[in-house]
Amino acid sequence: MGQKEISVAVPADSAAQGQSMQFPHLDETLEILKTSDNRSILDRYKWETSLRDGMQEAGSKPAFVFPVMDMKHQSSQDHALRERLVKDIGLAAEEWGFFLVKNHTIPRDLIDKMMSYGHNFFSLPKEKKEEAVFNLTVHPGKNPYYQGYGGRFQHLQEKVPWLEHLGELEHPVSGVKNLASILWPESNESASFCEAVKTFSEAIRQLGIQIFELLAEHLKLERDFFSKHFAEDKAYQTNWRFNHYPPCPAPDFVLGLGPHTDPNALTIIVQGDVAGYQLLKNDFWFQVEPVPDTLLVNIGTALQTWTNGRFSSVLHRAVVNEKKARLSILNFLSPAKDTPLEPHPSLIDAEHPRKSDSRDWTHLFQPKLS
Ligand SMILES: O=C(O)CCC(=O)C(=O)O
Ligand SMILES: [Fe+2]
C-alpha cells in the first residue's frame, strides 16, 4: 500500500513532548483560510501524497458486506440464533477485526445526550475549550494525551491530525467531575454531564462484556476469559473520548487521524451521521457509512495478543469532510494497567506458535513509528 502504519494511539509518558508539540489551533487555521487564498497554512496537515493514492477506485474494490451483529440474539432462547451470532462475531473478529452491532443495549436517548454535549462543547470559542486542556502542572507526570481537551497536538503522527478532542483516560469516570466543573462552573449542567458519562460508560462496559463473552465462546475459551478483566472490582478503563473533525477545505490531503491500530482490547464507537471511519482490508480502504442506531466495534491489540493473533487488531483511520463537521464518541475498553498479556494456552500449538511475549498491556502505548 505504501501507507505508513502508525501503531500509536496514546504515547505512554513524556509530558515534555506534549508541551513542545503545540500548533496553532484548528479554529485559527480555519479563520485564516476564510480571509486568505494562501493555503500554505494547510501544509502542516498535508500528508506526503494525496490520500487518493492510497485508495483504489470504488469500482475496482472487491464486493463486500460489513459484518453486522444483531445483539438481540445474545440473550435468545432460540439456540440456533445464538449459535449463529457466536459464529458470525467470531469470524468477523478473525477476518475483519471489526463489526457493526445493532439492537444493542445502549439507550438511544443516552447516546443523543452524549452527542449533544459533544456538539455543544465543540461549538464553544477556542478560549473556553482550552480551559479544559489537561493541566500538567496540576497533574505532573501524567499522560497528557487525550485527557481533557486537545486541539493542538501532533500525537506523533506523520502530520497534524485535522481533529480536536475531549475525553478522560482514568477509570472509568474519575476526572470527569473536574472536567465538568471547568466547563460548566456554575450550572447544574455539570452534574448532569457527570451523570450522563457515568451511565454511558457503564452501559458500554456491559455491552463490552456481552461481546467479550460471545468472542470467548467462539474460541471455546472459558466464558469469562476476556470479560473477567472488566468485572466491577477490577481497575479496568472504559475511557471515552469525543473526536471532532471540523469541515476541511482540502479533505483529500489531510487526515482526521492517520492509520493506526488501537492498543486497548475493544473499541466501541458511536459515529453519528457523518461518515469518516475507514478500515484497511485486503489492501483497500473501506469507509463505514453511518447506519442509524448501529455502533462500530473494533478489536484492539490487547485482544489480538490474548488470542495469539486469532483476532486481528484492525488498521483504521479517520477521513474528513469538506462540508460537514463530524463528531464521534470513542470508548476504549482497556484492562487494568498491570494486566499481563498472556495468550490463552489453547491457542498456542505447533501450527500457531506463540506470537508475543507476555507483557503488561501498557507497553502497547509505547511510541512505535514504522
Ligand atoms: O473517529 C473515528 O471514527 C475513529 C477515531 C479513532 O480511530 C481513534 O480515536 O482511535
Ligand atoms: Fe482508533
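Residues numbered from 1 in each chain as written. Chains lettered and ligands numbered in written order. Predicted model: local features only at pLDDT ≥ 70, side-chain atom pairs only at ≥ 80, totals over all residues. Heavy atoms only, no water.

Some details on the coordination of the iron ion (ligand 2)
For the record, the criterion: Donor atoms: N, O and S within 2.8 Å of the metal, or within 3.2 Å for Na, K and Ca. Because water is excluded, sites can look incomplete. We count a stretch as a helix when DSSP gives it H or I for four or more residues in a row; a strand needs E for two or more, and each element gets its number in order from the N terminus. Each residue is assigned to one of three classes by its accessible area relative to the maximum for its type, calculated with a 1.4 Å probe on protein chains only: buried under 20%, partly exposed between the two thresholds, exposed over 50%.
For the iron ion (ligand 2), the full set of protein donor atoms is H260 (NE2), D262 (OD) and H316 (NE2), and the range of their distances to it is 2.1 to 2.2 Å. Considered as a linear motif, the donors of the iron ion (ligand 2) on their single chain read H-x1-D-x53-H. Placement of D262 in the loop between strand 6 (257-260) and strand 7 (266-270) and of H316 in strand 11 (residues 316-318) is noted, with a sequence separation of 54 residues between them. Grouping residues by exposure puts D262 and H316 together as buried.

Points about the pattern of salt bridges
Our working rule: For salt bridges, the criterion is a side-chain nitrogen of Lys or Arg within 4 Å of an Asp or Glu carboxyl oxygen.
Enumeration according to the criterion identifies 17 salt bridges in this entry. Between D70 and K72 there is a salt bridge, and its shortest N-O distance comes to 2.9 Å. A salt bridge links E127 to K126; its shortest N-O distance comes to 2.9 Å. The exposed category is assigned to E127, whose relative accessible area is 52%. On the accessibility criterion, K126 (17% relative accessible area) is buried. Because the salt bridges share partners, they merge into one network encompassing D27, K129 and E164.

Quick look at the confidence of the model for the protein chain
The criterion, for reference: Values of pLDDT, which run from 0 to 100, indicate the predictor's confidence residue by residue. We call two residues contacting when some pair of their heavy atoms lies within 4.5 Å.
The predicted model of the protein chain has a mean per-residue pLDDT of 82, with 79% of residues at 70 or higher. Here residues 1-21 is modelled with pLDDT under 50, and outside its nearest four sequence neighbours on either side it reaches 65 contacts, counting other chains as well. Our summary of model confidence lists the complex with pTM equal to 0.89 and ipTM equal to 0.99.

Comments concerning the environment of V274
Checked against the element boundaries, V274 lands in the loop between strand 7 and strand 8 (277-281). The buried category is assigned to V274, whose relative accessible area is 8%. Residue contacts for V274: discarding those within four places in its chain leaves P290, N321, K324, A325 and R326.

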